[in-house]
Amino acid sequence: MLMAHPAVLKDLIAQYEALTLLGAEESTPQARQRLADVSYMLCVATGTKDADMAVIAARHRLSGARPEDDSLLQASAPQPASAGI
């Protein structure tokens, strides 16, 4: 799968969050279309089918995301024991 450049992901996340915050879903047809377009681009860029999951996936691909980040797992998941501490 092709990976989107981090700058593209940052821009798409920013646009998606701004449009959502401003209530584009309940605004003009142009605003709704722009939100749909950005959502679609995020899904394509991350290989997901849902805009919310696309935002999560995009954030994990940006620099600074921890590869061992388990924030999507349930909080009740067992934690590995520390060795020798």
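Read on for a plain summary of the structure. Position numbers for residues count from 1 along each chain, tracking the sequence in the order it is written. In keeping with the model being predicted, local features are shown solely for residues with a pLDDT of at least 70 and side-chain atom pairs are shown and tallied solely at 80 or more, while totals for entire chains, interfaces and linings include all residues. Only hydrogens and water are set aside when side-chain values are computed; all heavy atoms of the structure are taken into account.

## Let's talk about the pattern of salt bridges
Next up, step 1: By convention in these notes, a salt bridge is any Lys or Arg side-chain nitrogen within 4 Å of a carboxyl oxygen on Asp or Glu. Summed over all chains, the structure comprises one salt bridge.
Next up, step 2: A salt bridge links Glu-17 to Arg-59; its shortest N-O distance comes to 1.9 Å. Of this pair, Glu-17 sits in helix α1 (residues 6–21) while Arg-59 sits in helix α3 (residues 51–61), and the two are 42 residues apart along the sequence.
Next up, step 3: Note on exposure labels: buried denotes an accessible area under 20% of the residue type's maximum, exposed denotes more than 50%, and partly exposed covers the range between, all computed with a 1.4 Å probe on protein chains only. The exposure class of Glu-17 is partly exposed, given its relative accessible area of 35%. By the criteria applied, helices consist of DSSP H or I runs no shorter than four residues and strands consist of E runs no shorter than two, each listed in order from the N terminus.

## Observations regarding a negative patch on the surface
Next up, step 1: To count toward a patch, a residue needs a relative accessible area over 30% and no salt bridge; like charges are then connected within 9 Å, while nonpolar side chains (Val, Leu, Ile, Met, Phe, Trp, Tyr) are connected within 5 Å. Here, Shrake-Rupley sampling with a 1.4 Å probe gives the accessible areas, and only protein chains in the shown set may cover a residue. When charges are counted, Lys and Arg contribute as positive and Asp and Glu as negative, whereas His and the chain ends are disregarded. Think of each charge as sitting on NZ of Lys, CZ of Arg, CG of Asp or CD of Glu. On the surface, Glu-25, Glu-26, Asp-50 and Asp-52 cluster together to form a negatively charged patch.
Next up, step 2: Inspection of the secondary structure assignment puts Glu-25 in the loop between α1 and α2 (29–46).

## Comments concerning a nonpolar patch on the surface
Next up, step 1: Among the surface-exposed residues, Tyr-40, Met-41 and Val-44 lie close enough to one another that they form a single nonpolar patch of about 320 Å² accessible area.
Next up, step 2: Residue placement: Val-44 occurs in helix α2.
Next up, step 3: On the basis of relative accessible area, Val-44 is assigned to the exposed category, the value being 51%.

## Some thoughts on α2
Next up, step 1: With 18 residues, α2 extends 26 Å from end C-alpha to end C-alpha; this agrees with the ideal 26 Å at 1.5 Å per step.
Next up, step 2: The complete set of buried residues in α2 reads Ala-31, Leu-35, Val-38, Ser-39, Leu-42, Cys-43, Ala-45 and Thr-46. Each buried residue of α2 sits inside an arc of 165° when the element is viewed along its axis, so together they form one side. With respect to the buried face of α2, the exposed residues turned more than 90 degrees away are Pro-29, Gln-30, Tyr-40 and Val-44.
Next up, step 3: On its buried side, α2 packs onto α1 and α3.
Next up, step 4: Looking one or two places after α2, you find Gly-47, whose phi comes out positive at around 75°. Here the expected span of a helix is defined as 1.5 Å times the quantity of residues minus one. Working definition: the arc comes from the directions between the helix axis and the C-beta atoms, pointing outward to the latter. Whether two residues touch is decided by their heavy atoms; if any such pair falls within 4.5 Å, the residues are in contact.

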